[in-house]
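Below are the chains, spelled out letter by letter.
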Amino acid sequence: MIRFEDVSFAYPDQGSSIHNLSFELARGEFAAVIGANGAGKSTTARLADGLLRPSPGRILIDGEDTRKSQVSARARKVGFLFQNPDRQICRNTVREEILFGLRTVRSEEGESELQARAERILAEFSFTGDEEPFALSRGQRQRVALASIFAAEPEVLILDEPTTGLDYRECCHIMDQIRGMNEERQVTVMMVCHDMEVVLDYARKALVMAGGRLLAAGPVREVFRNRELMEKAS
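Thresholds applied
- Residues numbered from 1 in each chain as written.
- Predicted model: local features only at pLDDT ≥ 70, side-chain atom pairs only at ≥ 80, totals over all residues.
- Heavy atoms only, no water.
- Phe/Tyr/Trp six-rings, centres within 6.5 Å; stacked < 30°, edge-to-face > 60°.
- Helix = DSSP H or I, 4+ residues; strand = E, 2+ residues; numbered from the N terminus.
- Buried < 20%, exposed > 50% of the residue type's maximum accessible area, 1.4 Å probe, protein only.
- Salt bridge = Lys/Arg side-chain N within 4 Å of Asp/Glu carboxyl O.

**A word on the packing of aromatic side chains**
Thinking step 1. Using the criterion set out here, one finds four aromatic pairs in the structure.
Thinking step 2. Judged by centre distance (4.5 Å) and plane angle (20 degrees), the ring pair of Phe4 and Phe23 falls under stacked. In this pair, Phe4 is assigned in strand E1 (residues 2–11) and Phe23 in strand E2 (residues 15–25), connecting sequence segments 19 residues apart. Here the two residues Phe4 and Phe23 agree in accessibility, since each one is buried.
Thinking step 3. With 4.7 Å between their ring centres and 55 degrees between their planes, Phe80 and Phe82 make a pair best called tilted.
Thinking step 4. For Phe80, a relative accessible area of 7% gives the class buried.
Thinking step 5. The exposure class assigned to Phe82 is partly exposed, which follows from its relative accessible area of 22%.

**What to know about the pattern of salt bridges**
When the charged atoms of two side chains lie near each other, side chains of opposite charge can form a pair.
Thinking step 1. Enumeration over the complete set of coordinates arrives at 17 salt bridges.
Thinking step 2. Close ionic contact of Lys205 with Glu29 constitutes a salt bridge, the shortest N to O distance being 3.9 Å. Here Glu29 lies in the loop between E2 and strand E3 (30–34) and Lys205 lies in strand E9 (residues 205–210), a separation of 176 residues in the sequence.
Thinking step 3. For Lys205, a relative accessible area of 17% gives the class buried.
Thinking step 4. Glu109 is the salt-bridge partner of Arg117, the closest N and O atoms lying 2.8 Å from each other.
Thinking step 5. For Arg117, a relative accessible area of 10% puts it in the buried group.
Thinking step 6. A relative accessible area of 15% places Glu109 in the buried class.

Below you can see the structure in the form of structure tokens.
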């Protein structure tokens, strides 16, 4: 579902940050991208979503090259949850936020269908719909952003530090909903995460990065047992 082929990337005036990255995630996998700060994790997530373009290399999402596919087509297939939900929310009520996303990626559906879909998501996430997003807590705003992604039913979900700033209860709530999406709908999840407890509890595969390179990829528990690898990745 996600395939990186010898991907490199450099930010202007900052030198190369990703070097010859190659890996693949099958449909329905739940993978965590782990490593120290500056390892290239968030850049990898943005490359996977097509927010950044590889140079050189190639990234395929369900067989489609991100350099050639349209943003609108990718938005129907890939959902991206930013680390800071305030960079994602842009409407005055939770209902409007969910409908905004639906009208963008499900424009072929009738308004009554979109309204019904939004109400189902509101109930699933325990929102009335009339809440003002920026009057909610950080954890609740993260759930608003996630709800708007769920509503569009993507096949791939990319998460950039989804539990940052959340307390334990909020963290469990968010991650349980993500796991449900992965298990019930076979949504492929790629999660950048600094919390190794969350990785151990939810992810099944780990991609270990350091210095913009992939050091290892494999089942989470096997990776964590490799002391030399863990020390190398800090």
